[in-house]
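# Architecture and fold: a report
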Protein chains: 2
Amino acid sequence: MNATPPPPRYVAIAEALRARILAGDWPPGHPIPTEASLMAEFGCSRMTVYRALWGLAEAGLITRRRRAGSHVAAPRREEAVFGIHDIEAEIARSGAPYRYERLSRALRPAGRAERARLGLAGPAEVLALGARHFAGPRAFVLEDRLIHLAAVPAARSESFATVPPGRWLLSHVPWNEAEHRISAEPAGAFEAAALAIPRGAPLLVLARRTWSGEVPVTAVRLCYPGPDYALVGRFRPGG
Amino acid sequence: MNATPPPPRYVAIAEALRARILAGDWPPGHPIPTEASLMAEFGCSRMTVYRALWGLAEAGLITRRRRAGSHVAAPRREEAVFGIHDIEAEIARSGAPYRYERLSRALRPAGRAERARLGLAGPAEVLALGARHFAGPRAFVLEDRLIHLAAVPAARSESFATVPPGRWLLSHVPWNEAEHRISAEPAGAFEAAALAIPRGAPLLVLARRTWSGEVPVTAVRLCYPGPDYALVGRFRPGG
DNA sequence: GAGTGGTCTAGACCACTGA
DNA sequence: CAGTGGTCTAGACCACTCA
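Keep in mind the model is a prediction, meaning the values are calculated, not measured. (Residues numbered from 1 in each chain as written. Chains lettered and ligands numbered in written order. Predicted model: local features only at pLDDT ≥ 70, side-chain atom pairs only at ≥ 80, totals over all residues. Heavy atoms only, no water.)

## Quick word on the protein's contact with DNA strand D
The local shell around DNA strand D holds 23 residues, among which Arg-9, Ser-45 and Thr-48 of chain A together with Arg-46 and Arg-67 of chain B are the closest. Near-protein atoms of DNA strand D (within 4 Å) split between backbone and bases, with sugar and phosphate holding 65%. Side-chain polar atom of Arg-46 of chain B to a base nitrogen of DNA strand D: 2.7 Å apart, as the coordinates give it. Arg-66 of chain B is positioned such that a nitrogen or oxygen atom in its side chain is 2.9 Å from a sugar or linking oxygen of DNA strand D. If you list the elements that add at least two residues to the surface near DNA strand D, you get helix 1 (9-22) and helix 3 (46-58) of chain A together with helix 3 (46-58), strand 2 (62-65) and strand 3 (69-72) of chain B. Residue composition of the surface near DNA strand D, grouped by class: six nonpolar, five polar and twelve charged. (Near = heavy atom within 4 Å. Polar contact = N/O pair within 3.5 Å; in protein donor to acceptor, adjacent residues only side chain to side chain. Helix = DSSP H or I, 4+ residues; strand = E, 2+ residues; numbered from the N terminus. Nonpolar A, V, L, I, M, F, W, Y, C, P; charged D, E, K, R; others polar.)

So, in structure tokens, the structure goes:
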């Protein structure tokens, strides 16, 4: 009957607040109680509360400002989750006009491969989307996405004809865990046609799966044409 | 004459310790003074020292254990700097025998393109290396590396005939800042021959530049054949 | 100006673990 | 078992910034 040792109180406080944020009780922008009131709520000193809030701020879940107080942070850009500054941000900076085009939309029970892609064990309904993103006249990324409707019921009635699903999802399921997989693959017939490149040309493929808690939310495959685009990241051991 | 506001004391303490580690005064494994002695050295309370050491531990520069004290951490694997668990680790786990083969070695003044690759303004001497890494009979990565000899003089007398330069560099210049660039490119004649793949086949190219402080150390270009390999990373907003 | 977070102090007790 | 780090307290002063 060995009980696990109780976590430090600052961890317990941070987890309690994190749970309320992840559950959606506190949406982005919602104020966090002040340190003084958290001291009263949890019956501990201010340093302990401070340390809990510090961890949440460092993790990016909340923002803290003097006098203004602490608030649930606005969700980061989907791409920024990777810790990598990527192409779309560069394109936005370059000033080329951005355009989104939906190619396909289908609502259906998930097939075997689709369940595997989302990491689902049992039957489920999915929304399958195909789309292109343009910088100026040029398609710079091809998107192939599955959305797990049980996790995001509101997506069922969304057409995604003009709103990119990535952006829409961020505003509806802001806090995710994500897994990324980057590989290089030859363009198939579909990719080649959609991106206006030769068949067999190299594609930079970024596959991302996201969860909210334990529930799979979406699986997306982004194909970038050839050597024109790259993911860039900068890191220091010292942070 | 506005002086910049002084940094918090815990930041100043952390920077002082970080400088000694990055300068190599304290090699990996070297003990960090105890909190008590740092309190005396910097004339502050234990919480302040603790916070400085906490930041360094979180950044991975030091390890902390009760009773044993704090020590400079062993350098992370080069690939782990990316925060990405990659192929080579998987290959090691799969049990396939690893083999390294040097293809070329040249000591020369850096040309214009090489200076640009390293991010050097003025003239410099470089060691240019070509190598292959095998998993069993199969070449899984082609390496093309420049080493800035002024930053790592000891490399001049190293043949790298049997020791992979990445591993050698880690043990000689353990603490780096790194920039990564990932792209997909078609295999040229040289890459195709070296990796035994068709010309034009997709390559996953990881280009990494590292600095020690402000000094460029090395620039490496790693080519992974086609869709067989992928970089995988997992991230949570909550850390 | 008042209330918030950011930093800091001078203690304290505890858990862990290497000598 | 003694010394280390991990946590916590009950204060304090300051900087910033919104009302």
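## Section: the packing of aromatic side chains
Taken as a whole and assessed by the stated rule, the structure comprises five aromatic pairs over all chains. Taken together through their ring pairs, the aromatic side chains of Tyr-50 and Trp-54 of chain A together with Tyr-50 and Trp-54 of chain B make up a single cluster. Between Arg-51 of chain A and the ring centre of Trp-54 of chain B, over which it is positioned, the NZ or CZ distance is 4.1 Å. (Phe/Tyr/Trp six-rings, centres within 6.5 Å; stacked < 30°, edge-to-face > 60°. Lys NZ or Arg CZ within 6 Å of the ring centre and 35° of its normal.)

## Topic: the nonpolar core
Core analysis: the largest hydrophobic core is formed by 24 residues, its most contacted members being Ile-182, Leu-204 and Tyr-224 of chain A together with Ile-182, Leu-204 and Tyr-224 of chain B. Of all the secondary structure elements, the ones that give two or more residues to this core are strand 6 (138-148), strand 7 (177-186), strand 8 (202-212) and strand 9 (215-225) of chain A together with strand 6 (138-148), strand 7 (177-186), strand 8 (202-212) and strand 9 (215-225) of chain B. (Core = buried A, V, L, I, M, F, W, Y, C linked by side-chain atoms within 4.5 Å. Buried < 20%, exposed > 50% of the residue type's maximum accessible area, 1.4 Å probe, protein only.)

## Topic: the pairing of strand 9 of chain A
All names here are of chain A. With nine of eleven residues buried, strand 9 lies mostly within the body of the structure. With six bridges connecting them, strand 6 and strand 9 associate as antiparallel partners. Following the sheet pairing, Arg-145 is matched in strand 9 by Val-220. Direction of pairing for strand 8 relative to strand 9: antiparallel, over a ladder of ten bridges. (Pairing = 2+ DSSP bridges.)

## Focus on the sheet that holds strand 1 (residues 31-32) of chain A
All names here are of chain A. With antiparallel pairing, the three strands of this open sheet are ordered in space as 1-3-2. The sheet is open, and its two borders are formed by strand 1 and strand 2 (62-65), each paired with just one other strand. Across four bridges, strand 2 lies against strand 3 (residues 69-72) in antiparallel orientation. Following the sheet pairing, Thr-63 is matched in strand 3 by His-71. Across the face of the sheet, helix 3 comes into contact with strand 1 and strand 2 while running at roughly 120° to strand 2. (Contact = heavy atoms within 4.5 Å. Axes fitted to C-alpha atoms, helices over the stretch in contact; angles between N-to-C directions.)

## Brief notes about the packing of helix 1 (residues 9-22) of chain B against helix 2 (residues 35-42) of chain B
All names here are of chain B. At a closest axis distance of 12 Å, the pairing of helix 1 and helix 2 adopts a crossing angle of 110°. Here helix 1 is positioned roughly perpendicular relative to helix 2, judged by the angle of their axes. Facing helix 1, whose interface residues are Arg-9, Ile-13, Ala-16, Leu-17 and Arg-20, helix 2 presents Leu-38, Glu-41 and Phe-42. Across the contact of helix 1 with helix 2, the residue classes tally to five nonpolar, no polar and three charged. (Parallel < 35°, antiparallel > 145°, perpendicular 65-115°, else oblique.)

## Details of the sheet that holds strand 3 of chain B
Residues and elements named next belong to chain B. Spatially, the three strands line up as an open sheet ordered 1-3-2, and their pairing is antiparallel. Edge positions in the open sheet fall to strand 1 (31-32) and strand 2, since each of these has one partner strand only. Sheet strands touched by helix 3: strand 1 and strand 2. Its angle to strand 2, the strand with the most contacts, is close to 120°.

## Points about the protein's contact with DNA strand C
By nearness alone, 24 residues border DNA strand C, and Arg-46 and Arg-67 of chain A together with Arg-9, Ser-45 and Thr-48 of chain B come closest of all. The protein-proximal atoms of DNA strand C, defined as those within 4 Å of the protein, are 63% sugar or phosphate. Residue Tyr-10 of chain B places a side-chain N or O atom 3.3 Å away from a phosphate oxygen belonging to DNA strand C. Elements represented by at least two residues in the surface near DNA strand C include exactly helix 3, strand 2 and strand 3 of chain A together with helix 1 and helix 3 of chain B. Per-element accounting of the surface near DNA strand C gives the leading share, four residues, to helix 3 of chain B. In terms of residue class, the surface near DNA strand C is made up of seven nonpolar, five polar and twelve charged.

In short, the description is geometric, and any link to function would need to be established separately.
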